[in-house]
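A closer look at the structure
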Amino acid sequence: MEYLKEQALKKLNYYYYGCMFLAIVLVSVMFYVSRGENPILPHLDRASSLGYALQTVVILSAVLGIPSGLGLFQKKCKILKTLEDSGAKYREYIKWGTIRIILVGSPLILGIVAFYWLGAYRSMIWVAGMGAIFLYSCKPLKQKIESDLKNDDTEAGNA
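For the structure given in this document, a descriptive report is provided here.

Thresholds applied
- Residues numbered from 1 in each chain as written.
- Predicted model: local features only at pLDDT ≥ 70, side-chain atom pairs only at ≥ 80, totals over all residues.
- Heavy atoms only, no water.
- Helix = DSSP H or I, 4+ residues; strand = E, 2+ residues; numbered from the N terminus.
- Rg over C-alpha atoms; globule rule 2.2 N^0.38 Å.
- Buried < 20%, exposed > 50% of the residue type's maximum accessible area, 1.4 Å probe, protein only.
- Axes fitted to C-alpha atoms, helices over the stretch in contact; angles between N-to-C directions.
- Left-handed = near helix turned anticlockwise from the far one by under 90°.
- Contact = heavy atoms within 4.5 Å.
- Nonpolar A, V, L, I, M, F, W, Y, C, P; charged D, E, K, R; others polar.
- Polar contact = N/O pair within 3.5 Å; in protein donor to acceptor, adjacent residues only side chain to side chain.
- Patch = residues over 30% accessible without salt bridge, like charges linked within 9 Å, V, L, I, M, F, W, Y side chains within 5 Å.
- Areas by Shrake-Rupley, 256 points an atom, 1.4 Å probe, with all protein chains shown as cover.
- Salt bridge = Lys/Arg side-chain N within 4 Å of Asp/Glu carboxyl O.
- Core = buried A, V, L, I, M, F, W, Y, C linked by side-chain atoms within 4.5 Å.
- Expected span 1.5 Å × (residues − 1).

Some points on the overall build of the protein chain
The secondary structure content of the protein chain amounts to 6 helices and 0 strands. Walking the protein chain from its N terminus toward its C terminus, one meets helices and strands in the order α-α-α-α-α-α. Relative to the compact-globule value of 15 Å for 159 residues, the protein chain shows a C-alpha radius of gyration of 19 Å, a clear excess of over 25%. If you line up the protein chain on its principal axes, its C-alpha atoms span 70 × 25 × 20 Å. A burial count over the protein chain gives 36% of its 159 residues as buried.

Quick look at the packing of helix α3 (residues 86–117) against helix α5 (residues 142–149)
Close contact between α3 and α5 brings their axes to 12 Å; oriented N to C, the two are set at 115°. Between α3 and α5 lies a crossing of right-handed hand. Here Lys 89, Tyr 90 and Tyr 93 of α3 lie close against α5, whose contacting residues are Lys 144, Ile 145, Asp 148 and Leu 149. Among the residues making up the contact of α3 with α5, the classes are represented as 4 nonpolar, no polar and 3 charged.

Considering the side chain of Ser 61
For Ser 61, the location among the structural elements is in helix α2 (residues 49–80). On the basis of relative accessible area, Ser 61 is assigned to the buried category, the value being 12%. In this structure the side chain of Ser 61 is engaged in a polar contact, spanning 2.7 Å, whose partner is the backbone oxygen of Val 58.

A word on a nonpolar patch on the surface
Where nonpolar side chains cluster on the molecular surface, the patch consists of Ile 59, Leu 60, Val 63 and Leu 64 and spans about 360 Å² of accessible area. Along the chain, Val 63 falls in helix α2.

Structural notes on the nonpolar core
If you look at the biggest cluster of nonpolar residues, it comprises 37 residues, and the most contacted ones within it are Tyr 93, Ile 112, Leu 135 and Ile 145. For this core, the secondary-structure elements that each account for two or more residues are α1 (2–33), α2, α3, α4 (122–136) and α5. A total of 12 residues in this core trace back to one element, the largest contributor, which is α3. When near neighbours in sequence (up to four residues on either side) are disregarded, Ile 145 contacts Lys 5, Ala 8, Leu 9, Tyr 90 and Tyr 93.

Quick word on α4
Taking 1.5 Å per residue as the helical rise, α4 with its 15 residues ought to reach 21 Å, and the 21 Å between its terminal C-alpha atoms agrees with that figure. As for α4, its buried residues are in contact with α1, α2 and α3.

As for the environment of Ser 34
When you line up the elements, Ser 34 lands in the loop between α1 and α2. Along the sequence, Ser 34 and Leu 135 sit 101 residues apart, while their C-alpha atoms lie 26 Å from each other. Each residue touching Ser 34, except ones within four places of it in the same chain, is listed here: Pro 39, Leu 41, His 43 and Tyr 116.

Some points on unusual backbone geometry
What is expected of a backbone is that most residues other than glycine have negative phi and most peptide bonds are trans. Located in the positive-phi region is Ala 120, a residue other than glycine, with phi close to 60°. Inspection of the secondary structure assignment puts Ala 120 in the loop between α3 and α4.

Things to note about the pattern of salt bridges
By the definition in use, this model includes 6 salt bridges. The partner of Glu 146 in a salt bridge is Lys 5, and the shortest N-O contact between them spans 3.0 Å. Residue Glu 146 is located in helix α5, and its partner Lys 5 is located in helix α1; the two are separated by 141 residues in the primary sequence. Through salt bridges with shared partners, a single ionic network connects Glu 2, Lys 5, Glu 6, Lys 142 and Glu 146.

If you want it as structure tokens, here you go:
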């Protein structure tokens, strides 16, 4: 069982730190391609239809992605607590933990791209910041995995 927990922690950390690494790389790349007199990626007008569409996608990714990622994961963990097969329990935990990281991390990634593409539009960096804060709350830890999968019914019955 300890081996399964370590594997889950290792796999979820790949996705978590991969998302953080992607955000850092995007900040660097977008900074260099959108600056100077002749930028490689010209700025979009915030009031254009493409600018509005980009802002809408970024905001919807935060408004829908963060709560659904966190909520779906918690609902799935309640179901996983009742499973007896440890292998299946940890496989499902990894799958749903990955989905949570992707849904919660997408506003961070999209917000960074929109911030630079819209010419340092501050609202988009706030959305990216929200994504970063909520992504940090999804950081995989051994104690979190234990508490997410610990069956509360058996603990209450033993007390």
